[in-house]
Amino acid sequence: MGAVMRRIHVGNGLSAFGLGFTVPYLYVYVAQVRDLGAMTASLVLAVFAVAALIVLPFAGRAIVRRGPLPVLIAALLTAALGALSLGVASTAAAVLLSAGALGAGQAVMQPALATMIVDCSPAGTRSRAFATQFFLQNLGLGVGGLIGGHLVDASRASSFTLLFAIEAAMFLVLVVIMATVRVPQAPRIAGSVTKGRGSWRQLLRNRAMVQLCVLGFVLFFACYGQFESGLSAYGVEAAGISTSALGTALAANTAVIVVAQFAVLRFVERRRRSRVIAAVGLIWALAWLTAGYAGLANAGQTMATAAFVSTYALFGLGEAMLSPTVAPLVADLAPDGMAGQYNSAFALVKQLALAVGPAVGGPLGASLHAPYIVTFLLMSLGISVLAIRLGRQLTSLQNQPSSAPSRVVARGGTPAELSSRA
């Protein structure tokens, strides 16, 4: 990695480390420490999603026009302000406004950092760059959550203020680091393409990108959207999983990602991206079958717990395969200068899935146990079908960059569109 990419990865790790300090404890902080009740605490979590949905359509346009670095710094400053405000907020209105600022800042960081990775990495190393980003994000979240858990004390509001102050400090340190980065000047699209409607129309005409967004929604809905809602509710209600076992399952998920990421990368880099995503669908189908065994087979508490932990581990293996596959594919589908728009659009799809997933999966997982498992088993198999269909819209170089001796990936359209340009 070059010096610029190293700083970007350090920034990714620091931001995830800061988020790990506070995300697991937001509900307890709002509902119990500030004594604002469960309803306000639930609204805070909803505000994060709503804020992201509001700002992401504008973030892509800003990245295309201004470049990713100024947008990233603005997002970091907004998130730092939101974190500091949240640490001292004592009323429902103040908490919700602070959460909105923090959520908006966090949401914009993702496409801005992803676009910087695209601008600073050639196609041949892009999969490894995104795999490193995902590895550091999970490592930072895990370490931050572990340290934060030892610092926090539900009987002292000041301990939570300290956590949010540390989170804000991480964002500000990242501002300093990013301010020294010199990102290569990516081409900017002039004229009508940079206008909101023009850029979105251009994106929607890219059939491969539209199919990838549909596939991405199903991916995030069936996995991330269930981790802390439907799947955990199912585990507690159907399988009798204890809270400590839930923590172990989440730790197993992170551990698999951290341990397997670069071993998986060697396998993924030499294969077609569409087939890798299809394989992830099959792995996640196995994960849902394992979850079904944990809650529906009456196999005993020990076996149920082991199966439930294995479910999260299997999800982690699939995530490790996706990180060097999906994000680079989004970049390779984007025309020159439009990576920010495409990254923001895909981040918007992710946020939609994360907003809808818990609302649908939570009630299903808590009460309709067999239908819940069957629904998401079928969705995982649907991922494989959608991935194979997506592969037909990709050029050979977009689908398998390693097939090109020069390691240069064709960008910006479907096979038909690229042949017409030639």
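Scroll up a little and you will see the structure.
Residue positions are given per chain, counting from 1 as you read along its sequence in written order. Local features in this predicted model are restricted to residues whose pLDDT is 70 or higher, and side-chain atom pairs enter the listing and the counts only when it is 80 or higher, whereas totals over whole chains, interfaces and linings include all residues. Based on all heavy atoms of the structure, the side-chain values leave hydrogens and waters out of the count.

**Student:** So what exactly am I meant to see when it comes to the environment of serine 367 here?
**Tutor:** Numbered from the N terminus, helices here are DSSP runs of H or I no shorter than four residues, and strands are runs of E no shorter than two. By secondary structure assignment, the location of serine 367 is in helix H16 (residues 339-367). Only protein chains enter the calculation, and the probe is 1.4 Å; a residue is then buried if its accessible area is under 20% of its type maximum, exposed if over 50%, and partly exposed in between. Classification of serine 367 by relative accessible area gives exposed; the value is 52%. For the pair serine 367 and tyrosine 234, spaced 133 residues apart in sequence, the C-alpha separation works out to 7.8 Å. Here the side chain of serine 367 touches proline 363 through a polar contact of 2.8 Å, landing on its backbone oxygen. The term polar contact refers here to a pair of N or O atoms within 3.5 Å; inside protein, the definition further demands a hydrogen-donor-capable atom paired with an acceptor-capable atom, and it admits residues adjacent in sequence only when both atoms are side-chain atoms.

**Student:** Looking at this structure, I do not really get the nonpolar core. What am I missing?
**Tutor:** Taken as a class, soluble globular proteins show a tendency for nonpolar side chains to be buried jointly. In terms of nonpolar packing, the biggest core is built from 121 residues, with Met209, Leu212, Leu231, Trp284, Trp288 and Phe308 touching the most fellow members. The element that contributes the greatest number of residues to this core is helix H5 (residues 92-120), accounting for twelve residues. Discounting chain neighbours no more than four positions away, the residues touching leucine 212 are Val326, Leu329, Val330, Leu333, Phe346 and Leu390. By nonpolar core we mean a set of buried residues, namely Ala, Val, Leu, Ile, Met, Phe, Trp, Tyr and Cys, connected to one another through side-chain atoms within 4.5 Å. Counting five residues, the second largest nonpolar core, distinct from the first, contains Ala52, Leu56, Ala107 and Leu348. Whether two residues touch is decided by their heavy atoms; if any such pair falls within 4.5 Å, the residues are in contact.

**Student:** What is the right way to read the side chain of serine 323 from this model?
**Tutor:** Mapped onto the elements of the fold, serine 323 is located in the loop between helix H14 (301-322) and helix H15 (326-333). Separated by 3.3 Å, the side chain of serine 323 and the backbone oxygen of alanine 320 make a polar contact. Not counting residues up to four positions away in its chain, the partners in contact with serine 323 are Phe130, Ala131, Phe134, Gln261 and Pro328.

**Student:** What is the right way to look at helix H13 (residues 273-296) in this model?
**Tutor:** Expected span, for any helix, means 1.5 Å times one less than how many residues it has. Helix length check: H13 (24 residues) gives 34 Å between terminal C-alpha atoms against 34 Å at 1.5 Å per residue, within 8%. Most of H13 sits out of view: 17 of its 24 residues are buried.

**Student:** Is there a simple way to think about the pattern of salt bridges in this case?
**Tutor:** Proximity of charged atoms lets side chains of opposite charge pair with each other. Salt bridge criterion: a side-chain nitrogen from Lys or Arg within 4 Å of a carboxyl oxygen from Asp or Glu. Counting across every chain of the model gives one salt bridge. Across the pair arginine 273 and aspartate 332 runs a salt bridge whose closest N-O atoms are separated by 2.8 Å. Placement of the pair is arginine 273 in helix H13 and aspartate 332 in helix H15, with a sequence separation of 59 residues. Using a relative accessible area of 1% as the deciding quantity, one classes aspartate 332 as buried.

**Student:** For this particular structure, what's the right way to read the environment of glutamine 393?
**Tutor:** Relative to the assigned elements, glutamine 393 resides in the loop between helix H17 (369-391) and helix H18 (396-399). Considered as a pair, glutamine 393 and asparagine 206 are 187 residues apart in the sequence and their alpha carbons are 9.7 Å apart.

**Student:** Mind showing me how you'd approach H16 here?
**Tutor:** One full turn of an α-helix is made of 3.6 residues, so residues set three or four places apart face in the same direction. Between the first and last C-alpha of H16 there are 42 Å, a value that for 29 residues agrees with the 42 Å anticipated at 1.5 Å per step. The sharpest bend along H16 reaches about 30° and sits at glycine 361, with the proline proline 363 one to four residues further on. What is called the bend at a residue is the angle between a pair of axes, fitted to the seven residues leading up to and ending at it and to the seven starting from it.

**Student:** Explain unusual backbone geometry to me, please; I cannot follow it from the model alone.
**Tutor:** Notably, aspartate 35 is not glycine yet its phi reads approximately 55°, a positive angle. Structurally, the position occupied by aspartate 35 is in the loop between helix H2 (26-33) and helix H3 (37-66). When its relative accessible area of 63% is taken as the criterion, aspartate 35 is described as exposed.

**Student:** Would you take a moment to explain the packing of aromatic side chains for this structure?
**Tutor:** Pairs of aromatic rings are described using the distance from one ring centre to the other and the angle between the two planes. Put simply, two rings from Phe, Tyr or Trp (the six-membered ring, in Trp's case) pair if the centres are within 6.5 Å, and we call them stacked under 30 degrees between planes, edge-to-face over 60, tilted for the rest. Under the defined criterion, the tally for this structure stands at 13 aromatic pairs. Look at tryptophan 288 and phenylalanine 315: their rings are 5.5 Å apart centre to centre, the planes differ by 80°, and that puts the pair in the edge-to-face class. Linking tryptophan 288 in helix H13 with phenylalanine 315 in helix H14, this pair joins segments that are 27 residues apart in sequence. The pair tryptophan 288 / phenylalanine 315 is uniform in exposure class, with both members buried.

Geometric descriptors of this kind do not, in isolation, establish any biological role.
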